[in-house]
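Each chain is listed here by its residues.
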Amino acid sequence: MTAAPVSAVLTDIEGTTSAIAFVKETLFPFAERALDAFLLAHGTDPEVAACLEATRQAARPGEEPAAALRRWMAEDAKIGPLKTLQGVIWRDGFLSGEVRGHLWPDVAPCLRAWSRAGISLYVYSSGSVAAQKLLFGYSVAGDLAGLFSGFFDTAVGGKREAASYAAIAQGLHRPAGEILFLSDVAEELDAAAAAGMQVCQLVRPQDGTEPSPRHPQAADFPGVAARFGLPAATRPAGEAA
Ligand SMILES: CSCCC(=O)C(=O)COP(=O)(O)O
Ligand SMILES: [Mg+2]
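Calculation notes
- Residues numbered from 1 in each chain as written.
- Chains lettered and ligands numbered in written order.
- Predicted model: local features only at pLDDT ≥ 70, side-chain atom pairs only at ≥ 80, totals over all residues.
- Heavy atoms only, no water.
- Helix = DSSP H or I, 4+ residues; strand = E, 2+ residues; numbered from the N terminus.
- Rg over C-alpha atoms; globule rule 2.2 N^0.38 Å.
- Buried < 20%, exposed > 50% of the residue type's maximum accessible area, 1.4 Å probe, protein only.
- Contact = heavy atoms within 4.5 Å.
- Pairing = 2+ DSSP bridges.
- Right-handed = clockwise from strand over helix to strand, strands pointing away.
- Donors = N, O, S within 2.8 Å, 3.2 Å for Na, K, Ca; no water.
- Salt bridge = Lys/Arg side-chain N within 4 Å of Asp/Glu carboxyl O.
- Domains from an automatic or database assignment.
- Buried area = accessible area lost by both parts, 1.4 Å probe.
- Polar contact = N/O pair within 3.5 Å; in protein donor to acceptor, adjacent residues only side chain to side chain.
- Nonpolar A, V, L, I, M, F, W, Y, C, P; charged D, E, K, R; others polar.

**Comments concerning the overall build of the protein chain**
Counting its regular elements, the protein chain contains nine helices and six strands. The C-alpha radius of gyration computed for the protein chain amounts to 18 Å, which stays within 12% of the reference 18 Å derived for 241 residues, consistent with globular compactness. Overall size of the protein chain, expressed as C-alpha extent along the three principal axes, is 55 × 40 × 35 Å. Counting only residues that meet the buried cut, the protein chain has 53% of its 241 residues in that class. Here the analysis covers contacts within the protein chain between residues at least 6 apart in sequence; of these, 68% occur between residues at least 24 apart.

Right, dumping it as structure tokens:
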């Protein structure tokens, strides 16, 4: 059976648009350094207090919330209250210019070309929606947030669950088969494929991605474009990559 033409691209961030090293060596240490002062200043703000309560519920018996948050960061655990708090803490870093969202150089030109061609773009990441908007809004390639028609985090469900992708397709009022999901993680691609999406694994050598024998692969976004009939990135005169 021939696949439907792709009308929307749904992309993961870490390991797909952006280096895993950027998340682990820049974003996480920034949050770690700022954590104690942030909790002291904002621990009673309603959103932060709710995250701290959720952290206590999920922490080990007797473990202080700050210790649990630090342990989860070391484990790169995708736990809701941690991801929400990280997004709030990173805001200062992005707004002050101390942090800029990393994107592999092939990503922005393709996102712009796909958007220009009428392909709708969406993000689905374990990072909070607020953090996703910061990363693309304050990226090394400029403000790309406006290229996206929507952002999804694990409020819609876990990234390894087919139901999450079905819910996203339903929310977008689009047949799942027209949506192309991009990720570095085979289990996420399994779940998206089970929900009927087309999928492609980004296998970026710099990230040490483990290639999955179960899914089509590409080394970068132009490779995705070639494989799925999406427009190639052309750079109009005067437009930066
Ligand atoms: C702006 S999101 C920062 C990255 C992050 O915290 C994360 O957990 C990314 O996970 P992904 O689902 O994009 O692999
Ligand atoms: Mg990823």
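**Considerations on the pairing of strand 2 (residues 120-124)**
The element strand 2 is largely enclosed, with a buried count of five among its five residues. Where burial is concerned, the two faces of strand 2 agree: the one with Ser120, Tyr122 and Tyr124 and the one with Leu121 and Val123 are both buried. Both strand 1 (residues 8-11) and strand 2 contribute to a ladder of four bridges, which runs parallel. When the sheet's bridge partners are listed, threonine 11 is paired in strand 2 with valine 123. Both strand 2 and strand 3 (residues 150-152) contribute to a ladder of three bridges, which runs parallel. Each bridged residue has a counterpart across the sheet, and for tyrosine 124 the counterpart in strand 3 is phenylalanine 152. Handedness of the β-α-β unit built from strand 2, helix 6 (residues 129-137) and strand 3 comes out right-handed.

**Regarding the coordination of the magnesium ion (ligand 2)**
Of the protein atoms, only Asp12 (OD), Glu14 (O) and Asp184 (OD) coordinate the magnesium ion (ligand 2), at distances of 2.2 to 2.4 Å. Taken in chain order, the donor set of the magnesium ion (ligand 2) reads D-x1-E-x169-D. With a gap of 172 residues between them, aspartate 12 in the loop between strand 1 and helix 1 (20-42) and aspartate 184 in the loop between strand 4 (179-183) and helix 8 (186-194) connect regions that are remote in the sequence. Judged by relative accessible area, which is 11%, aspartate 184 ranks as buried.

**A few points about the pattern of salt bridges**
Summed over all chains, the structure comprises 13 salt bridges. The closest approach of N and O atoms between arginine 70 and aspartate 36, which form a salt bridge, is 3.3 Å. Of this pair, arginine 70 sits in helix 3 (residues 65-75) while aspartate 36 sits in helix 1, and the two are 34 residues apart along the sequence. For arginine 70, a relative accessible area of 25% translates into the label partly exposed. Residue classification places aspartate 36 among the partly exposed residues on the basis of a relative accessible area of 43%. When salt bridges with common partners are traced through the structure, they connect Glu14, Lys24, Asp76 and Lys78 into a single cluster.

**Structural notes on the domain arrangement of the protein chain**
Annotation of the protein chain at the domain level lists domain 1 (8-18 + 101-228) and domain 2 (22-96). Computed over C-alpha atoms, the centres of domain 1 and domain 2 are 25 Å apart. Across the contact, 10 residues belong to domain 1 and 12 residues belong to domain 2. On the domain 1 side of the contact with domain 2, Glu14, Ser126 and Leu134 bury the most area, a combined 45% of that side's loss. Across the domain 1-domain 2 interface, the total number found is one salt bridge. In this structure, lysine 78 engages glutamate 14 in a salt bridge whose closest nitrogen and oxygen atoms are separated by 2.8 Å. One can count one residue pair in polar contact (both at pLDDT 80 or more) joining domain 1 with domain 2. Its residues placed into classes, the side of domain 1 that touches domain 2 shows four nonpolar, five polar and one charged.

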